[in-house]
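Structural overview
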Amino acid sequence: MYPFEYVRPASVEEAIGLRRADAGAQWLAGGMTLLPSMKLRLAAPSQLIDLTDVEGLDEWSIGDEHIVLGSMSSHRRVAEADEVRTRIQALSTVAAGIGDPQVRNRGTLGGSIANNDPAADYPAALLGLGATIRTSQREISADEFFKDFFETVLEDDELVVAVSFPVPRRAAYLKFRTPGSRYALVGVMVAETRDGVRVAVTGAGPGVYRATQLETALAEDFRPEALVGLDMSPDGLNADMHGSPEYRAHLTGVLARRATAQAIACEN
Ligand SMILES: Cc1cc2nc3c(=O)[nH]c(=O)nc-3n(C[C@H](O)[C@H](O)[C@H](O)COP(=O)(O)OP(=O)(O)OC[C@H]3O[C@@H](n4cnc5c(N)ncnc54)[C@H](O)[C@@H]3O)c2cc1C
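What counts, and where the lines are drawn
Residues numbered from 1 in each chain as written. Predicted model: local features only at pLDDT ≥ 70, side-chain atom pairs only at ≥ 80, totals over all residues. Buried ≥ 20, exposed ≤ 12 C-beta atoms within 10 Å, placed from the backbone. Helix = DSSP H or I, 4+ residues; strand = E, 2+ residues; numbered from the N terminus. Pairing = 2+ DSSP bridges. Near = placed C-beta within 6 Å. Nonpolar A, V, L, I, M, F, W, Y, C, P; charged D, E, K, R; others polar. Axes fitted to C-alpha atoms, helices over the stretch in contact; angles between N-to-C directions. Contact = placed C-beta atoms within 7 Å. Core = buried A, V, L, I, M, F, W, Y, C linked by C-beta atoms within 7 Å. Domains from an automatic or database assignment. Expected span 1.5 Å × (residues − 1).

A word on the pairing of strand β6 (residues 132–135). Across the two faces of β6 the burial differs, with Ile 133 and Thr 135 buried and Thr 132 and Arg 134 not buried at all. Direction of pairing for β6 relative to strand β7 (residues 139–141): antiparallel, over a ladder of 3 bridges. Its bridge partner lying in β7, Thr 132 is registered against Ser 141. In this sheet, strand β10 (residues 160–166) lies alongside β6 in antiparallel orientation, the contact comprising 4 bridges. Residue pairing for β10: Ile 133 is matched across the bridge by Val 163.

The phi angle at Arg 41 is positive, at roughly 65°, despite the residue not being glycine. Among the structural elements, Arg 41 can be located in the loop between α2 (34–39) and β3 (47–50). By C-beta crowding, Arg 41 is classed as exposed, having 9 other C-beta atoms within 10 Å. Look at Asn 116: it is not a glycine, yet its phi comes out positive at around 50°. Residue classification places Asn 116 among the buried positions, given that 21 C-beta atoms sit within 10 Å.

Inspection of the region around the ligand gives 31 residues, with Gly 30, Gly 99, Gly 107, Gly 110 and Gly 111 positioned closest. For the shell around the ligand, the elements supplying multiple residues, two or more each, are β2 (25–28), α6 (101–106) and α7 (109–115). It is α7 that contributes the most residues to the shell around the ligand, 5 residues altogether. A per-class count over the shell around the ligand returns 15 nonpolar, 13 polar and 3 charged.

Moving on, we come to the sheet that holds β3. Read across the sheet, 3 strands follow the order β1-β3-β2 without closing on themselves; strand pairing throughout is parallel. At either margin of the open sheet sits one strand with a lone partner, and together these are β1 (5–7) and β2. Averaged over neighbouring strand pairs, the angle between their axes works out to 25° when direction is ignored. In this structure, β2 lies alongside β3, joined through 4 bridges in parallel fashion. Among the inter-strand pairings, Gln 26 is bridged to a residue of β3, identified as Leu 48. The sheet contacts of helix α1 (residues 12–21) involve β1, β2 and β3, and relative to β3 the element is tilted by about 170°.

Judged by nonpolar contacts, the single largest core of 74 residues is most densely connected at Val 188, Met 189 and Val 190. It is strand β12 (residues 184–193) that contributes the most residues to this core, 7 residues altogether. Each of domain 1 (5–50) and domain 2 (60–265) contributes no fewer than three residues to this core. Setting aside residues up to four positions removed in sequence, Met 189 forms contacts with Ala 90, Ala 124, Ala 125, Gly 128, Leu 129, Ala 171, Tyr 173 and Ala 200.

A few words now on helix α11 (residues 245–265). Across its 21 residues, α11 extends 30 Å between first and last C-alpha, which sits within 8% of the 30 Å expected from 1.5 Å per residue. Taken residue by residue, α11 has Arg 248, Ala 249, Leu 251, Thr 252, Gly 253, Leu 255, Ala 256, Arg 257, Ala 259, Thr 260 and Ala 263 as its buried positions. Lining the buried residues of α11 we find β11 (170–177), β12, β13 (196–202) and α10 (212–220).

According to the domain assignment, the protein contains domain 1 (5–50) and domain 2 (60–265). A C-alpha centroid distance of 26 Å is found between domain 1 and domain 2. Taken together, the 11 residues of domain 1 in the interface contact 13 residues of domain 2. When residues of the side of domain 1 that touches domain 2 are assigned to their parent elements, the largest contribution, 5 residues, is made by α1.

Spatial strand order, β11-β12-β13-β14: 4 strands in an open sheet with antiparallel pairing. This sheet does not close on itself; its edge strands, each paired only once, are β11 and β14 (209–210). Across 2 bridges, the pairing between β13 and β14 is antiparallel. Following the sheet pairing, Ala 200 is matched in β14 by Arg 210. Contacts between α10 and the sheet are confined to β13 and β14, with β13 contributing the most and set at about 150° to the helix. Lying on the sheet, α11 is in contact with β11, β12 and β13; it crosses β12 at an angle near 40°.

Okay, structure coming up:
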């Protein structure tokens with residue numbers, strides 16, 4: 001490690017002020033990505049602005065049509081909450097399947113989506129469910145939020161405050177884990193929302209994306225059979241020691257069919 005300042009603001013306004021006063025500062029949520037990055041010298045912030053005490057970031061608002069979860073919600077809290085499971089079971093599944101118990105205890109919703117790891121689970125959940133991200137400055141649809149490899153539309157001094165998830169008619173998330181890290185080799189969220197069918201894929205490509213070919217087929221016929229015979233293109237998908245683009249394309253189709261069957265089985 002190397003020297004850096006550590007501050008613990010109590011409000012969003014204070015946190016923003018601290019960030020604006022120091023261009024080298026970074027928000028610290030659970031530290032599950034940031035601290036290892038610092039240890040590896042991939043990040044060297046001059047100041048860590050710990051969000052733990054910031055008022056409001058752990059607040060939830062639970063309704064029949066939307067649930068709103070504060071950005072500092074740990075994966076464990078989301079995974080274990082009855083009020084989440086009974087409304088959006090797929091979201092509980094996403095949170096419960098992240099990493100290991102230590103990661104779920106510390107890792108947060110806001111940290112995960114701000115980081116936008118191309119194999120992370122929450123980006124697929126937000127994109128697949130058609131969520132809206134509330135920041136210190138504005139509201140951003142998930143369709144706009146995730147840009148590219150580890151990149152979002154967030155400004156440097158913009159804080160994720162909460163995420164609003166519309167309750168879908170039915171949805172399910174399935175992932176094929178990379179055994180070592182438990183990140184998604186491929187993860188697929190299939191959702192029939194009040195605004196139509198959405199299918200979001202993580203892990204397969206350089207960033208999370210919507211599989212429009214699958215969405216079109218499911219919009220006509222929301223059954224796994226509607227996806228049989230659809231050839232998923234491997235173009236642009238990742239190739240690494242865990243799998244070829246062709247393998248990832250194949251997995252996407254398989255997981256989408258299984259997730260559709262599961263969504264039908266556990267309709268909200
Ligand atoms: C061993 C291991 C296994 C994992 N497995 C998985 C997995 O299977 N699936 C998966 O999806 N993820 C996995 N993760 C990642 C985990 O889910 C964490 O959520 C993720 O690392 C982010 O960590 P954090 O919430 O502690 O944020 P931090 O590490 O504290 O921050 C991450 C980044 O987000 C920024 N940030 C934090 N909060 C905010 C905010 N509110 N607004 C704006 N920017 C913010 C920080 O400045 C930093 O740049 C794994 C991590 C580890 C270490």
